[in-house]
Amino acid sequence: MMRFLLKLNILLLVISLVGCGLNSPAKKPQDQLPNQQIKQVQFDPQLANDIKKQTKTINGVKDSTVVVMNKEISAAIKVTGFHRFRLKSIKEEVHQKIKDMNKDYTVRVTSDKKLFKQLRQIEKQVEASPQKAPPDIPLQLHKINEDMQG
């Protein structure tokens, strides 16, 4: 009987050790831009300011933030009050106005408050030093653009 319990305990120990090794979660590949894109990043704060001024002229847009990186324009708008009822049409109008001003650029527009805040932080960092922007900004901006879905 004693041998049986000893063998059973050893068997359970082996099974538990083998089982713990199999259930370790697989590591996710991080969303990263290729290194060549990170090195060739160019910000255009002047164009961003021009676009920002134009978006604020649209009825219903209270505030906006814009970041221009390479050939991509990422814009976030703040719409308050009763204008939120026509949020979709305001976003489309902003998108069309930006696209008309800059035909060669990819334009993304959002009204999400969280994305607005994140984009505003990136905008401030880029305005502070457009030539020496932190290397993680392109990755952050890429993530925000993915979250915008468009």
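Counting restarts for each chain: residues are numbered from 1 in the order of the written sequence. Confidence filtering applies because this is a predicted model: local features only for residues at pLDDT of at least 70, side-chain atom pairs given and counted only at 80 or more, and all residues used for totals across whole chains, interfaces and linings. Side-chain metrics in this entry use all non-hydrogen atoms of the structure; hydrogen atoms and water are not considered.

Regarding helix H4 (residues 87–101)
- Per the convention used, a helix needs a DSSP run of H or I reaching at least four residues, while a strand needs a run of E reaching at least two, with both numbered from the N terminus. Expected span of a helix, by definition, is 1.5 Å for each gap between consecutive residues, and there is one gap fewer than residues. Here H4 spans 21 Å end to end across 15 residues, near enough to the 21 Å set by a 1.5 Å rise per residue.
- Among all positions in H4, only Leu 87, Ile 90, Val 94 and Ile 98 are buried. For H4, the arc enclosing every buried residue in end-on projection is 65 degrees, short of the 170-degree limit, so these residues lie on one face.
- Packing partners of the buried residues in H4 comprise helix H3 (45–56), strand E1 (61–69), strand E2 (72–79) and strand E3 (106–110). Buried, partly exposed and exposed residues are distinguished by accessible area as a fraction of the type maximum, computed with a 1.4 Å probe on protein chains only: under 20%, between the cut-offs, and over 50%, respectively. The arc in question is formed by the directions pointing from the helix axis toward the C-beta atoms. Pairs of residues are marked as contacts when any of their non-hydrogen atoms sit within 4.5 Å.

Digging into the packing of aromatic side chains
- Stacked, tilted and edge-to-face are the three classes applied to pairs of Phe, Tyr and Trp rings, where Trp contributes its six-membered ring and a pair requires centres within 6.5 Å; stacked means planes under 30 degrees apart, edge-to-face means over 60, and tilted covers the rest. Taken as a whole and judged by the stated rule, the model has one aromatic pair.
- For Lys 71, the ring lying beneath its charged end belongs to Tyr 105, and the centroid distance is 4.7 Å. Sitting over a ring, as applied to charges here, requires NZ of Lys or CZ of Arg to be within 6 Å of the ring centre and within 35 degrees of the ring normal.

Observations concerning the nonpolar core
- Residues belong to a common nonpolar core when they are buried Ala, Val, Leu, Ile, Met, Phe, Trp, Tyr or Cys residues joined through side-chain atoms within 4.5 Å. Among the nonpolar cores identified, the biggest contains 18 residues, and Ile 51, Val 66, Val 68, Ile 73, Val 94 and Ile 98 are the most heavily contacted of them.
- Looking at this core, the elements with two or more residues in it are H3, E1, E2, H4 and E3.
- The residues contacting Ile 51, other than those within four sequence positions of it, are Val 66, Val 68, Ile 73, Ile 98, Met 101 and Asn 102.
- Counting 14 residues, the second-largest nonpolar core is a separate cluster that includes Phe 43, Val 67, Val 126 and Met 148.

Comments concerning the pattern of salt bridges
- One side-chain nitrogen of Lys or Arg within 4 Å of one carboxyl oxygen of Asp or Glu is enough to make a salt bridge. Within this structure, the stated rule accounts for six salt bridges.
- A salt bridge links Lys 56 to Asp 63, with the nearest nitrogen and oxygen atoms 3.7 Å apart.
- Lys 56 gets classed as partly exposed once you look at its relative accessible area, which sits at 40%.
- One salt bridge in this structure joins Asp 63 and Arg 120, with 2.9 Å as the shortest N-O distance. One end of the pair, Asp 63, is in strand E1; the other, Arg 120, is in helix H5 (residues 113–128), and 57 residues separate them in sequence.

Considerations on the side chain of Ser 111
- Structurally, Ser 111 can be placed in the loop between E3 and H5.
- Assessed through its relative accessible area of 12%, Ser 111 is described here as buried.
- Residues in contact with Ser 111, not counting those within four places in the same chain, are Ile 77, Leu 87 and Lys 91.

Quick word on a nonpolar patch on the surface
- A patch consists of residues whose relative accessible area exceeds 30% and which take part in no salt bridge; residues with like charges are grouped when within 9 Å of each other, and nonpolar side chains (Val, Leu, Ile, Met, Phe, Trp, Tyr) when within 5 Å. Each accessible area is a Shrake-Rupley estimate made with a 1.4 Å probe; only the visible protein chains count as cover when residues are assessed. Among the surface-exposed residues, Met 1, Phe 4, Leu 5, Leu 8, Leu 11, Leu 12 and Ile 15 lie close enough to one another that they form a single nonpolar patch of about 740 Å² accessible area.
- Structurally, the position occupied by Leu 5 is in helix H1 (residues 2–22).
- Overall, Leu 5 belongs to the partly exposed group, its relative accessible area being 39%.

Quick notes on the pairing of E2
- Most of E2 sits out of view: six of its eight residues are buried.
- The pairing of E1 with E2 spans eight bridges and is classified as antiparallel. Within E2, the residue paired with Met 69 across the bridge is Glu 72.
- Paired strands, in this sense, are two strands between which DSSP finds at least two bridges. From the end of E1 to the start of E2, which pair antiparallel, there are two residues, and Asn 70 there has a positive phi angle of about 55 degrees.
- By convention, orient the strands away from the viewer: a clockwise path from the first strand over the helix to the second makes the crossover right-handed. The handedness of the E2 to E3 crossover, carried by H4, is right-handed.

Looking at unusual backbone geometry
- Despite not being glycine, Asn 70 shows a phi value in the positive range, around 55 degrees.
- Structurally, the position occupied by Asn 70 is in the loop between E1 and E2.

A short note on the packing of H5 against helix H6 (residues 137–148)
- A fitted line through C-alpha atoms serves as each axis, taken over the contacting stretch for helices, and the angle formed by two N-to-C directions is quoted from 0 to 180°. Running from N to C, H5 and H6 cross one another at 150 degrees; their axes reach a closest spacing of 11 Å. Considering the angle they form, H5 stands roughly antiparallel to H6. Along this stretch, H5 crosses H6, giving a crossing that reads as left-handed. In this structure, H5 uses Leu 115, Gln 118, Leu 119, Ile 122, Gln 125 and Val 126 to contact H6, whose residues at the interface are Ile 137, Gln 140, Leu 141, Ile 144, Asp 147 and Met 148.
- Class assignment of the residues belonging to the contact of H5 with H6 gives a composition of eight nonpolar, three polar and one charged. Should an angle lie under 35 degrees it is considered roughly parallel, over 145 roughly antiparallel, and from 65 to 115 roughly perpendicular; all remaining angles are considered oblique. By definition, turning the near helix anticlockwise from the far helix through less than a right angle yields a left-handed crossing, and turning it clockwise yields a right-handed one. Each residue is assigned to one of three groups, with Ala, Val, Leu, Ile, Met, Phe, Trp, Tyr, Cys and Pro labelled nonpolar, Asp, Glu, Lys and Arg labelled charged, and all others, Gly among them, labelled polar.

Geometric descriptors of this kind do not, in isolation, establish any biological role.
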